[in-house]
Amino acid sequence: MIRFDLHIKSGTGGHCDYDGCDLILKSEIHTKCLPRIGETISYMSNGGYAREFLVTGIDHSILNSKNEIGSIVVYCVPIDGRSYDV
């Protein structure tokens, strides 16, 4: 299983943070494959309704000298017309 975090990058999708921090929508999503850039994804929000997002980028960090991936961040923008607040 692949684990990734879902973020909205500061300055995109209606989210703008004064210090440039991304908005973390959901942490530790487990899936068999990563979404691709340009795909839409959905997840259940805390309010109990499905949110729709367009994937705009994927970033990863290397954990050690064996090139093991430490973390994966999938960047997205909301496309369902609702507020991005979670």
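As a reminder, the structure under discussion sits directly above these lines.
The text that follows walks through the structure, step by step, so that each part is easy to find. As the structure is a computational prediction, the values presented were derived from the model and not from experiment.

Let us now look at the overall build of the chain. Along the backbone of the chain there are 0 helices and 5 strands. Each helix and strand of the chain, ordered N terminal to C terminal, gives the series β-β-β-β-β. Every one of the 86 residues in the chain was classed for burial, and the buried ones make up 29%. Across the chain, contacts joining residues at least 24 apart in sequence account for 45% of those joining residues at least 6 apart.

What the rule picks out here adds up to 2 salt bridges. As a salt-bridge pair, Asp 5 and Arg 3 come within 4.0 Å of each other at their nearest N and O atoms. Linking Glu 39 and Arg 36 is a salt bridge whose minimum nitrogen-to-oxygen distance equals 3.0 Å. Judged by relative accessible area, Glu 39 falls into the partly exposed class, the value being 26%. Given a relative accessible area of 58%, Arg 36 falls into the exposed group.

Cut-offs applied
- Residues numbered from 1 in each chain as written.
- Predicted model: local features only at pLDDT ≥ 70, side-chain atom pairs only at ≥ 80, totals over all residues.
- Heavy atoms only, no water.
- Helix = DSSP H or I, 4+ residues; strand = E, 2+ residues; numbered from the N terminus.
- Buried < 20%, exposed > 50% of the residue type's maximum accessible area, 1.4 Å probe, protein only.
- Contact = heavy atoms within 4.5 Å.
- Salt bridge = Lys/Arg side-chain N within 4 Å of Asp/Glu carboxyl O.

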